[in-house]
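Below, each chain spelled out in residue letters.
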Amino acid sequence: MVCGGFACSKNALCALNVVYMLVSLLLIGVAAWGKGLGLVSSIHIIGGVIAVGVFLLLIAVAGLVGAVSHHQVLLFFYMIILGLVFIFQFVISCSCLAINRSKQTDVINASWWVMSNKTRDELERSFDCCGLFNLTTLYQQDYDFCTAICKSQSRTCQMCGEKFLKHSDEALKILGGVGLFFSFTEILGVWLAMRFRNQKDPRANPSAFL
């Protein structure tokens, strides 16, 4: 059987969905590991990552079952959902790569002041910093109540905003790049599913309409 035939398309689609399943399980595992070690305490962040992992796992299972059984309905909905995920992920990835430092500062500043005091304290201890940006009188209040280790070891602590900007810039580039790469694998999945869906199973009745 030459590559491009029924068996080749089926195996390629199955392999792609197995990769999606591994990625989804990795997302769920990393979120649980981060929560278990106390690296991330926000239930919203943990819930979001787990939700993405579960959603990707369901799509992968649907695609895998559709590929193995050559199920027309499952493959159709798999193509539609994966196509929508591609559009959403492509836009988000491009946005991550396009956000400049000024926009990141605005987002960090807005997020900081809606956090609870407990979350701020945990971030200050985790990043070993005090306060956000030394732009307002509220910075001094944050600094006075800061419990980071650096405050007990030296007279001054680095501002959390500077550390957040460094990490956010790196994270946005990584997320944007990885997201952009995986978005094109989703287009590959849509193309494989469409091609496989329109092929006839050589083991089935040749006169049957598929």
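Each chain has its residues counted from 1, running along the sequence as written. Whole-chain, interface and lining totals are the exception, using all residues; otherwise, since this is a predicted model, local features are given only for residues with pLDDT of at least 70 and side-chain atom pairs are given and counted only at 80 or more. Heavy atoms throughout the structure, all of them, feed into the side-chain values; hydrogens and water do not.

Student: An account of the overall build of the protein chain is requested, with residue identities and associated values reported.
Tutor: Elements are defined by DSSP. Helices are runs of H or I of four residues or more, strands are runs of E of two residues or more, and each kind is numbered from the N terminus. In terms of helices and strands, the protein chain carries eight helices and zero strands. Scanning the protein chain from its N terminus toward the C terminus, one meets helices and strands in the order α-α-α-α-α-α-α-α. The burial tally for the protein chain puts 32% of its 210 residues in the buried class. Contacts between residues were defined by any pair of non-hydrogen atoms, one from each residue, lying within 4.5 Å. For the protein chain, restricting intrachain contacts to residue pairs at least 6 apart in sequence, the fraction spanning at least 24 positions comes to 68%. Each residue's exposure class comes from its accessible area (1.4 Å probe, protein chains only) as a fraction of the maximum for that residue type: buried when under 20%, exposed when over 50%, partly exposed otherwise.

Student: Provide a residue-level description of a nonpolar patch on the surface, including the pertinent values.
Tutor: On the surface, Phe55, Val73, Phe76, Phe77, Ile80, Ile81, Leu84, Ile87, Phe90, Val91 and Phe184 cluster together into a nonpolar patch covering about 1000 Å² of accessible area. Residue contributions to the nonpolar patch peak at nine residues, all from helix α3 (residues 72-98). To count toward a patch, a residue needs a relative accessible area over 30% and no salt bridge; like charges are then connected within 9 Å, while nonpolar side chains (Val, Leu, Ile, Met, Phe, Trp, Tyr) are connected within 5 Å. In these tables, accessible area is a Shrake-Rupley quantity obtained with a 1.4 Å probe, and a residue counts as shielded only by the protein chains included in the view. Each reported salt bridge corresponds to a side-chain nitrogen of Lys or Arg within 4 Å of a carboxyl oxygen of Asp or Glu.

Student: Quick one: what's the story with the side chain of Ser24, residue by residue and with numbers?
Tutor: Locating Ser24 in the fold gives a position in helix α1 (residues 6-37). Judged by its relative accessible area of 0%, Ser24 falls in the buried class. The term polar contact refers here to a pair of N or O atoms within 3.5 Å; inside protein, the definition further demands a hydrogen-donor-capable atom paired with an acceptor-capable atom, and it admits residues adjacent in sequence only when both atoms are side-chain atoms. Within the local environment of Ser24, its side chain forms a polar contact with the backbone oxygen of Met21, the two atoms lying 2.6 Å apart. Ser24 has contacts with Gly53, Leu56 and Leu57, leaving out every residue within four places of it along the chain.

Student: Give me the lowdown on the nonpolar core, citing residues and values where you can.
Tutor: For the purposes of this section, nonpolar cores are sets of buried Ala, Val, Leu, Ile, Met, Phe, Trp, Tyr and Cys residues that join through side-chain atoms within 4.5 Å. Ranked by size, the top nonpolar core spans 18 residues in total, and within it Leu13, Tyr20, Tyr78, Leu82 and Phe196 carry the most contacts. When residues of this core are traced back to their parent elements, those giving at least two are α1, α2 (43-69), α3 and α8 (160-197). The residues touching Leu82, leaving out its near neighbours within four places in the chain, are Tyr20, Ile59, Glu186, Gly189 and Val190. Core analysis: the second largest hydrophobic core is formed by eight residues, Ile108, Leu132, Cys160 and Phe164 among them.

Student: Requested: an account of the side chain of Glu186, with residues and values cited.
Tutor: Position of Glu186 relative to the elements: it lies in helix α8. Despite its burial, Glu186 pairs with no opposite charge; the closest candidate is Arg197, at 19 Å N-O. Sequence-distant contacts of Glu186, defined by excluding residues within four places in its chain, comprise Tyr20, Leu82, Val85, Phe86 and Gln89. For this count, His and the chain ends are skipped, Lys and Arg are scored as positive, and Asp and Glu as negative.

Student: Kindly report on the packing of helix α4 (residues 101-112) against α8, identifying the contributing residues and their values.
Tutor: Angles here are taken between N-to-C directions and fall from 0 to 180 degrees, while the axes themselves are lines fitted to C-alpha atoms, restricted in helices to the stretch in contact. Between α4 and α8, the shortest axis-to-axis distance is 10 Å and the interhelical angle comes to 120°. Of the two possible hands of crossing, α4 and α8 adopt the one that is right-handed. Between α4 and α8, the residues in contact are Arg101, Gln104, Thr105, Ile108 and Trp112 and Phe164, Leu165, Ser168, Asp169 and Leu172, respectively. Throughout, a crossing is termed right-handed when the near helix is turned clockwise from the far one, and left-handed when it is turned anticlockwise from it by less than a right angle.

Student: Describe the UniProt feature "transmembrane region" (unreviewed entry) in the protein chain, naming the residues involved and giving the relevant values.
Tutor: UniProt positions are given in the numbering used here, feature names are shortened, and annotations may be inferred rather than shown by experiment. Mapped onto this numbering, the UniProt entry annotates "transmembrane region" (unreviewed entry) at residues 12-33, 45-68, 75-100 and 174-194. Taken end to end, residues 75-100 comprises 92% helix and 0% strand; its first and last C-alpha atoms sit 39 Å apart. The annotated region residues 174-194 carries 100% helix and 0% strand content, and the separation between its end C-alpha atoms amounts to 30 Å.

Student: Outline the confidence of the model for the protein chain, supporting the account with residue identities and numerical values.
Tutor: Any segment with low pLDDT has predicted coordinates that should not be analysed in fine detail. Of the residues in the protein chain, 79% reach a pLDDT of 70 or more, and the chain-wide mean stands at 76. No element of the protein chain has a lower mean pLDDT than helix α6 (residues 138-144), which averages 64, and none a higher one than α3, which averages 85. Values of pLDDT, which run from 0 to 100, indicate the predictor's confidence residue by residue. This model gives residues 37-41 a pLDDT under 50, and the stretch forms eight contacts once residues within four places in sequence are excluded.

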